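Each chain is listed here by its residues.
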Amino acid sequence: AELDVSKNTALTWLECSENLLASLNLSQNTALTILGCNDNRLTSLDLSNNTALTSTYLAGNSFDIGEVTKTYDLANLPAGFDSSKASNWQGAVCENGVLTGFTANTITYTYNCGNGISTVFTLNAAVNEEPQDPISAFVERLYTKLLGRPSDASGKENWVSQLLNGSSAVDVSLGFVYSEEFKN
């Protein structure tokens, strides 16, 4: 969605929450005193020209960046994002405008919007680890679907070894179903 308020230069109050906005240019709206822009898809907001602002409501802005493997270039975000204004990254590491070291599917950061105003934005990622061979992927799915957790290294190695040495997928699946962890 797009909202163009550039010709409304006398605008003093703007409520545009819950509109799926991915970008918003308020540089011409210098009379703005109240801004409500909650629950959109914003990744950044430049309020440096909006010196009259007295109240801002910017919570809940969340943007889906899709499937990610290893890195995500922040240059792919909607226009206006400046990685030098972002700090306090949680769920990933930001280096030179590139996200790496993902530890979560939800990445948050604090963005300096200007005029002493900062807010937290969220990126939603479908983080995929390195592609796995089909046997490892099968065992990992068993852990996730049957035990509700990621595999541990030694357990996964054991089950993969059994499959490589002739055990059937059914036998290994039954091994999970009959385990004490599954029963509990």
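See the structure above.
First things first, this report covers the structure right here in the doc. (Residues numbered from 1 in each chain as written. Predicted model: local features only at pLDDT ≥ 70, side-chain atom pairs only at ≥ 80, totals over all residues. Heavy atoms only, no water.)

Moving on, we come to the overall build of the protein. When you go through the protein residue by residue, the secondary structure sums to four helices and ten strands. Along the protein, helices and strands appear, N-terminal first, in the series β-β-β-β-β-β-β-β-β-β-α-α-α-α. The C-alpha atoms of the protein give 23 Å as radius of gyration, which overshoots the globular expectation for 184 residues (16 Å, by more than 25%). The principal-axis extents of the C-alpha atoms in the protein amount to approximately 75 × 35 × 25 Å. (Helix = DSSP H or I, 4+ residues; strand = E, 2+ residues; numbered from the N terminus. Rg over C-alpha atoms; globule rule 2.2 N^0.38 Å.)

Below, the discussion takes up the sheet that holds strand β1 (residues 13-15). In spatial order, the strands read β1-β2-β3; together these three strands make up an open sheet with parallel pairing. In the strand order of this sheet, the two ends are held by β1 and β3 (55-57), each with one partner. Between one strand axis and the next, the sheet turns by 5° as a mean value, whatever way the strands run. Note that strand β2 (residues 34-36) and β3 share three bridges and pair parallel. The partner of I34 across the bridge, within β3, is S55. (Pairing = 2+ DSSP bridges. Axes fitted to C-alpha atoms, helices over the stretch in contact; angles between N-to-C directions.)

What follows covers the packing of helix α1 (residues 134-147) against helix α3 (residues 169-177). Packing of α1 against α3 leaves a shortest axis separation of 10 Å and a crossing angle of 30°. When the axis of α1 is compared with that of α3, the two are roughly parallel. Note on packing geometry: the crossing formed by α1 with α3 is right-handed. Between α1, through F138, V139, L142, Y143, L146 and L147, and α3, the contact on the second element is made entirely by A169, V172, S173, F176 and V177. Of the residues belonging to the contact of α1 with α3, the class tally is ten nonpolar, one polar and no charged. (Parallel < 35°, antiparallel > 145°, perpendicular 65-115°, else oblique. Left-handed = near helix turned anticlockwise from the far one by under 90°. Contact = heavy atoms within 4.5 Å. Nonpolar A, V, L, I, M, F, W, Y, C, P; charged D, E, K, R; others polar.)

This paragraph deals with the packing of α1 against helix α2 (residues 153-164). At a minimum axis separation of 10 Å, α1 and α2 run at an interaxial angle of 130°. Classified by the angle their axes make, α1 and α2 are oblique. In the packing of α1 onto α2, the handedness of the crossing is right-handed. Counting all contacts with α1, which are made through I135, S136, F138, V139, E140 and Y143, the residues of α2 involved are G155, K156, W159, V160, L163 and L164. Taken together, the residues of the contact of α1 with α2 sort by class into eight nonpolar, two polar and two charged.

Enumeration according to the criterion identifies eight aromatic pairs in this entry. Ring geometry for F81 versus Y109: centroids 5.7 Å apart, planes at 90°, classification edge-to-face. Of this pair, F81 sits in the loop between β5 (72-73) and β6 (86-90) while Y109 sits in strand β9 (residues 106-114), and the two are 28 residues apart along the sequence. What links up through ring pairs into an aromatic cluster is the set F81, W89, Y109, Y111 and F121. (Phe/Tyr/Trp six-rings, centres within 6.5 Å; stacked < 30°, edge-to-face > 60°.)

In terms of strand pairing, β6 meets β9 through three bridges, oriented antiparallel. Paired with Q90 across the two strands is T108, which belongs to β9. When β9 meets strand β10 (residues 117-127), the two strands line up antiparallel, connected through eight bridges. Within β10, the position partnered with I107 by the bridge is L123.

Residue position: K156 is located in helix α2. For K156, the side chain forms a polar contact with the side chain of E140, separated by 3.2 Å. (Polar contact = N/O pair within 3.5 Å; in protein donor to acceptor, adjacent residues only side chain to side chain.)

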